[in-house]
Each structure stands twice: as structure tokens, then as C-alpha cells.
Amino acid sequence: MGPGHIDVGGTVADLAATLEDLLAVESFDPPAGFTRRRPVDADRAAADADPQAFWADAARELLTWDKPFTQVLDDTKAPFYTWFADGELNLSANCLDRHVAAGRGERVAFHWRGEEGERRDVTYADLLADTQRLANGLSALGVRAGDVVGIFLPMIPEVAVAMLACARIGAVHNVVFGGFAPSAVRERMEVSDAKVLITVDGARRKGRRAPVKAAVDAELGELPALEHIVVVRGPGENPGEVPMTPGRDVWFDELLAGADPDCPAIPLPAEHPLFILYSSGSTAKPKGILHSTAGYLLGATYTHRMVFDIDPDTDVYWCSADVGWITGHSYIVYGPLSNGATSVMYEGAPDYPDHDIWWRIVEEYRVTVFYTAPTAIRSCIKWGAEYPGRHDLSSLRVLGTVGEPINPKAWLWYHLVIGGGRCPIVDTWWQTETGSVLISPLAGVTPTRPGSATKPLPGISPALLSEDGEPVTEGTGILVITKPWPSMLRTLYKDDDRFVETYFSRFGPTTYVVGDAARLDADGYFWIIGRIDDVINVSGHRLSTAEVESAIVAHEAVAEAAVVAEPDEQTGQAIVAFVTLTGNRAGDAATEAELREHVARRIGKLARPRRIIWADDLPKTRSGKIMRRLLRDVAAGRELGDVTTLRDPAVMAVITEAVRAAHDDE
Ligand code: PRX
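About the cut-offs
- Residue numbers here run from 1 along each chain, matching the order of that chain's written sequence.
- In view of the model being predicted, local features appear only for residues whose pLDDT reaches at least 70, and side-chain atom pairs are presented and counted only at 80 or more, with totals across whole chains, interfaces and linings using the full set of residues.
- Processing note: side-chain calculations cover all non-hydrogen atoms of the structure and skip hydrogens and water entirely.
- Each helix corresponds to a stretch of at least 4 residues labelled H or I by DSSP, and each strand to a stretch of at least 2 residues labelled E; elements are numbered beginning at the N terminus.
- Each residue is assigned to one of three classes by its accessible area relative to the maximum for its type, calculated with a 1.4 Å probe on protein chains only: buried under 20%, partly exposed between the two thresholds, exposed over 50%.
- Only heavy atoms matter for contacts: two residues are in contact if any of them lie within 4.5 Å across the pair.
- Note on areas: these come from Shrake-Rupley sampling with a 1.4 Å probe, and a residue is covered only by the protein chains present in the view.
- All tallies of charge rest on Lys and Arg as positive and Asp and Glu as negative; His and the ends of each chain are not included.
- Every charge is mapped to an atom, namely NZ of Lys, CZ of Arg, CG of Asp or CD of Glu.
- Take a side-chain nitrogen of Lys or Arg and a carboxyl oxygen of Asp or Glu: if they are within 4 Å of each other, that pair is a salt bridge.
- A molecule or strand has a residue near it when one of that residue's heavy atoms lies within 4 Å.
- Polar contact criterion, stated in full: a pair of N or O atoms within 3.5 Å, where within protein one must be able to donate a hydrogen and the other to accept it, and residues adjacent in sequence count only if both atoms are side-chain atoms.
- Each residue receives one of three labels: charged for Asp, Glu, Lys and Arg, nonpolar for Ala, Val, Leu, Ile, Met, Phe, Trp, Tyr, Cys and Pro, and polar for the others, Gly being one of them.
- Pairing between strands requires that DSSP locate at least two bridges from one strand to the other.

Participant: What's the story with the overall build of the protein in this structure? I'm lost.
Facilitator: Assigned secondary structure in the protein consists of 20 helices and 33 strands. Projected onto the principal axes, the alpha-carbon positions of the protein cover approximately 70 × 65 × 60 Å. For the protein, the residues scored as buried account for 60% of the 666 residues in total. Put simply, of all contacts in the protein between residues at least 6 apart along the chain, 71% involve residues at least 24 apart. When the accessible surface of the protein is summed, it comes to about 25000 Å², and 51% of that surface belongs to carbon and sulfur atoms. Once the 65 positive and 93 negative side-chain charges of the protein are each reduced to a mean point, those two points are 1 Å apart.

Participant: So what exactly am I meant to see when it comes to the pattern of salt bridges here?
Facilitator: Any two side chains of opposite charge can pair, so long as their charged atoms come close to each other. Under the definition given, this model contains 46 salt bridges. Here Asp-315 and Arg-37 are joined by a salt bridge, their closest N and O atoms 3.0 Å apart. Taken together, the residues span a long stretch of sequence, with Asp-315 in the loop between α10 (293-307) and β18 (316-319) and Arg-37 in the loop between α1 (12-23) and α2 (41-49) at a distance of 278 residues. Among the ionic pairs, Asp-57 bridges to Arg-60, the shortest N-O distance being 3.4 Å. One end of the pair, Asp-57, and the other, Arg-60, are both in helix α3 (residues 51-62), 3 residues apart, so they sit about a helical turn from each other. For Arg-60, a relative accessible area of 47% translates into the label partly exposed. A network of salt bridges, in which partner residues are shared, links Arg-36, Arg-37, Asp-309, Asp-315 and Arg-397.

Participant: Before we go on, may I ask you to explain the site of the ligand in this structure?
Facilitator: Around the ligand sit 17 residues, and of these Asp-427, Thr-428, Thr-432, Arg-531 and Arg-542 come closest. Between Gly-403 and the ligand, the recorded distance is 3.1 Å, taken from a backbone N or O atom to a nitrogen atom. The side chain of Asp-516 places a nitrogen or oxygen atom 2.9 Å from an oxygen atom of the ligand. Considering the ligand on its own, with 540 Å² of exposed area, one finds that the protein chains cover 95% of that surface. Among the secondary structure elements, those contributing two or more residues to the shell around the ligand are α11 (326-338), β22 (425-428) and β28 (526-531). Taken together, the residues that form the shell around the ligand break down as 6 nonpolar, 6 polar and 5 charged.

Participant: Please explain helix α16 (residues 496-504) as it appears in this structure.
Facilitator: Each α-helix winds once per 3.6 residues, and so residues spaced three or four apart point in a common direction. Taken residue by residue, α16 has Arg-498, Phe-499, Tyr-503 and Phe-504 as its buried positions. As for α16, its buried residues are in contact with β17 (287-292), β26 (491-492) and β27 (512-520).

Participant: I tried to follow the pairing of strand β10 (residues 196-200) on my own but got confused; where do I start?
Facilitator: One face of the sheet, then the other: side chains in a regular strand alternate in exactly this way. For β10, the tally of buried residues reaches 5 of 5 residues, placing the bulk of the element in the interior. The pairing of β10 with strand β13 (residues 228-232) spans 5 bridges and is parallel. Across the sheet, residue Thr-199 finds its bridge partner in β13, namely Val-231.

Participant: Could you clarify how one ought to interpret helix α13 (residues 374-383) in this entry?
Facilitator: Taking burial as the measure, the 10 residues of α13 include 8 buried ones, the bulk of the element. Buried within α13 we find Pro-374, Thr-375, Ala-376, Ile-377, Arg-378, Ser-379, Cys-380 and Trp-383. Residues of α13 that are buried sit in contact with α12 (357-365), β20 (369-372), α14 (386-389), β21 (398-402), α15 (408-418) and β32 (572-581). Downstream of α13 by a residue or two, Gly-384 has a phi angle that is positive, lying close to 115°.

Participant: Whenever I open this one, the environment of Ala-78 confuses me. Can you help?
Facilitator: Along the chain, the position of Ala-78 falls in the loop between β3 (73-74) and β4 (82-83). Remark: the alpha-carbon pair of Ala-78 and Pro-484, spanning 406 residues in sequence, is separated by 9.2 Å. For Ala-78, the residues in contact, after removing those within four places along its chain, are Pro-509 and Thr-510.

Below is the structure:
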């Protein structure tokens, strides 16, 4: 295949014309040559007839239980639902021991690829051995079932070992995305009372390296609950001096070397908490989303095999997310391992050392199922079809996307350039809270429509409601889920009130309010529109406006700030901050750079505002509430909505002018 070739039989130059033609196509039937391996019709029928019986059968078939359950759903304390509550199992045994016991220990769990091209194949037997040692090591450090263990690691196999070792002994893991700032780690460790933190000596990104342990130490200070820090020696050369506090800090490899190799998996109750994952909500305080063991694992296992049509004997699966997000939890670690699949785990960025690295990896490992985010696809489009065109992508059979609505053009490019027109695309809609995919095509079964997540999976009951709670059968509404499902969050960590208030107060304790608006078409297809709360979706990552605002306001030069989203071709949404400085300070480029850096330090680079608009005043109601709605309108270049409740209508004219000037400067 020559450079620039696309599998559909054209060249890059033909692509635009082909895309234009295909944009008129509304629905794509499953590609003719695609053969589905896992039939699903019976599931649909069973789930429609009796969802609880369907989930119970799936739980018996897909999971290995130490003590079978007799109860399925308990909804007597809604919205605090439980599933399979009297059953017992161990999640790490489901992900590891049962595969090794069945003679599949030598199967590769992860083909790990380092950023500098390093290769490491980790088998199920390897993972089991390391998981047992780390589980014993953690126990030796005093970790007991129910204790929280923080994990702040890059994309290396040790991150999976860390999660599985916690699960083995019933410790609750709390993974923090490696791209977050150490201060975010501190906050998440503090609010979850983490007893141990597992981190790394240093990180590398696109050829640059940075100390992590030293930076974490500088932020952590004295956290009363935190007793130990376990430090993994990351790949690549040592990033310099690694401060180790005697008695508190221990090297990961030394902990493993000194630990007993055998750690029997203890049976844990189905509802035992598995992990906390902090996600953004509509206040500055992140929400500690808590998942439990059996229901979560069932959701991840079932959806991974059914949505992507995974056959663990033949597929090579690759999810390009980071383990620090829910996508990584469910579709890099738990779903694939529970299914005994072989995955690729890639440490680096998609554009290092060159823009074709992903496709090089697909070719090298003969990846069959590839799962990524629309924002990544848009970057690939920008870089050009010649990069995938350099590689043989004919092994691919299923493509997936997640994290934000995918625009039809990106969908078609993915379909043509990456999938060669022969791979079904599964646009998977779900959330940190839902634990696993809820609305998505089933590869090779559901006719797809570019931009639509299509239909609910078996056993899932989404609906649209109007503002007044009336059902919307066609048109736009508030997305809700009307029946509980096994992998739903159980609560917000130590904050049951906020859990009820956030998800179950608007329409009652049996209607889960997603936080998204959606459209339902005449054929029952769901089209996700976006968030209806103060959450911004940057490159598929959730950020709370309040969290970014409070980071900005923490800067000594800032009097007040309001943050909204503006549409962005690349990242979906981008952050715009309207900032009033203290005293008579005028905003300038240096202050802007300083504020952006300040936000990066407090939250992470993702949260840096794309644009800062200086404003002497912000639009407020007479009671002093900032009217973000108007700021959103200006940022998006829309007509301003109702301004009659503004205390000082003149403010908006000044701000509109400032935004226009900022755009003109670009
Ligand atoms: O707004 C929806 C959007 O991402 C939100 C969930 O974000 P998070 O909890 O960080 O999880 C992201 C990965 C599962 C949703 O409320 N979202 C997620 N997937 C899609 C999506 N929007 C449209 N289409 C999707 N496929």
C-alpha cells in the first residue's frame, strides 16, 4: 500500500469527495463482510421479557462465584440499590486465576508498548504472580479490606497490577489520572482518607521527563490517614533524585521481592466497594463515584464482549484511553481481563515519535478492535490520511468511540480511512457513574447512523423526559434511566445526600438523571446532545466550571471569574474564562499566561482556559448570581438570550465587544 492510500480504493485527494457523498447517507447497515461471533438476539428478548432474570443469568454465566447469589435486585431502599447481594466472589480471581486455571496462563494480557518503542508482553500468569505479591505487600503495609489505596501511575502494566491487588484483598482503589496535577492527587487522597498511595518515580511524555514522586511529596504534606507511599520505577532512565522518606516510602519492586508469592483470593460480598473514581460535577468539589464489585464487573464483562463482539481466542483489542478515566477502568483493565482477552496497552501520545504511531502499533500487533475518542479522531483528520495510509490496517474489524458526540464527518473519516469501510463503528454512550456502556450499537447487528449512539443495550431502559417530567417519545428531552442496572454507581463516597440530590431528586428515587440532553428520533435512535449541568467536556474529559473557577479565583490577582464552554473543532468544547482582576490591574498577556499556568498547577493541563476575557464586571442578576447562560451565548457567538433580569445590562455590551476583539486577534 502506498502512502496516502485508503482502503476504500481511493487516495487522499478522493477522500473529501467521498466524505461529501457519504454525508448524505443517513443509515449504515452492518458491513456486508462482517461476521458477528457472539449472537445477541436471545439476550434482547430475554432482557425485554424480564430484565432481572436476564442479568441474573448473565451474572451466573459470565462471572465465577465463590458463593452463588440467591437475591438479584434489591430495590427496597431506592435509590440505594443492591445486586446479587448475598453472593460472594473475588474480582481479581475472575480477571486472572480462572483464566490461568483453565490453561490460559501464557496468553498475553497486555502487549505493552512504551513511548520510546519498548515492548513488553505481560501474560495472565505474569499478572497473577505480581498481583499476589503486591496484594501481600499491601497487606504487610497494613492495608485491610475497605481501606482506600490511591493510584497515580502512567500507562504501564503496574497500574493494572495495582488495581487488581487492591481488588484481591478488598481494598478500595482510587485512581487519579496521571495527567492531573499533584495538588489534585492530594485533594483526592485527603477526601478519601487514602492509607497508601502507589505512584511512580518519574513520568515521560513525548521525550520530556518530569519527576513525579518529588512533586507528589511537595504537595502531599502531612496527610493524617496516609501511611505509606509505594514507588514504581517507571520505564526509561531515572529522572534524578527520588526522595524516599524512611519508614513511609517503599519501592514497588522491593515490596514485591519481599512478599510471599501466594495470596489466595478471598471471597468478598458482591456489594463490597471496588473503587472510587473522582469525576467533575456542578460544584467545585469533585464527586467520589463509588462502584461495587459484582454488578460493576458484570457490566464491564458483558458489554465488552457484546458491544465489541470480542472473541478472546482471536481478537487483539486496543482501547487508547488512560486508565485514570472510567474508560480505562472498564475497558482496559476489568472488562478485557475478565473476558480473558489480549489487549494492547500504549504508554505514549498519538503523535510521538510521529503521527503514525497508533497505526504502526495496529499493524504490528494485528489489532482487530480499536476503541478511541472523537477528539483523537479529529486530531488524526488534521494530521492527514497519509499517516494511517502508511500502514496495513486490514486486521481491524470493529471500531469504537466514546466520550462525546461524534460529528458525522469524523465518523465517516473513521469509517473510511481507519476502518476501510468494512468495520462497524460502535458509538458508545455511558458515564463514570454508569460503570459500563448503556447506549450503543452492537457491532455488526445495529444499523448505525453517524452521530447517534443508537439504542440501549439489553437490560437498559433509557427515556427522555420534558422539564416537567412528561415522557418525550420523539424530540429533545432530559435523558434518564428508568430502571436500575447492575454496574450503576452505588453512592458518592461518604456523601449519600449528594448522591440522592445529584441523580435522584429531580424525578424521584427510581429515575436516574444522567445530566445529558438527548434527542430521540422516530426510529427510537438516541442522539446525545451534551451536558445540561455546569460540566464542560474537553476532549471527552469532564471538567466542572466551578472547579476551574475556584482555581482561577485562588490566584491573588483575581477578584472574580466565570467559566463557560465555547465550541471547538478540535476538543469539542474549550474553556473560556471571564476574569475580573483586583484593584485597577489591567489584564495583559503575561497575566493570562500566569493564570493558565496557575490552573494547570492546581488541576491539570486539561483545565487550562483556552481563552481569558478580561472584564471589569460580570453579568449578574439583581441577587448577585453570575448569569453564565449569557456568557455561554457570547462564547458560542449566539444571539444573547433574555437579559431582562440583569442588574446592569451595559455589562454585556462590554463583554461582547471584548470577545469579538479576542476573536479578531486570532
Ligand atoms: O455527556 C456525556 C459524554 O460524556 C459524559 C460522561 O463523561 P465521563 O463520566 O467522564 O465518562 C466518559 C467516558 C464514558 C456523558 O454524560 N459522553 C460519553 N460518551 C458519549 C458522550 N456523549 C455523546 N456520545 C457518547 N458516545
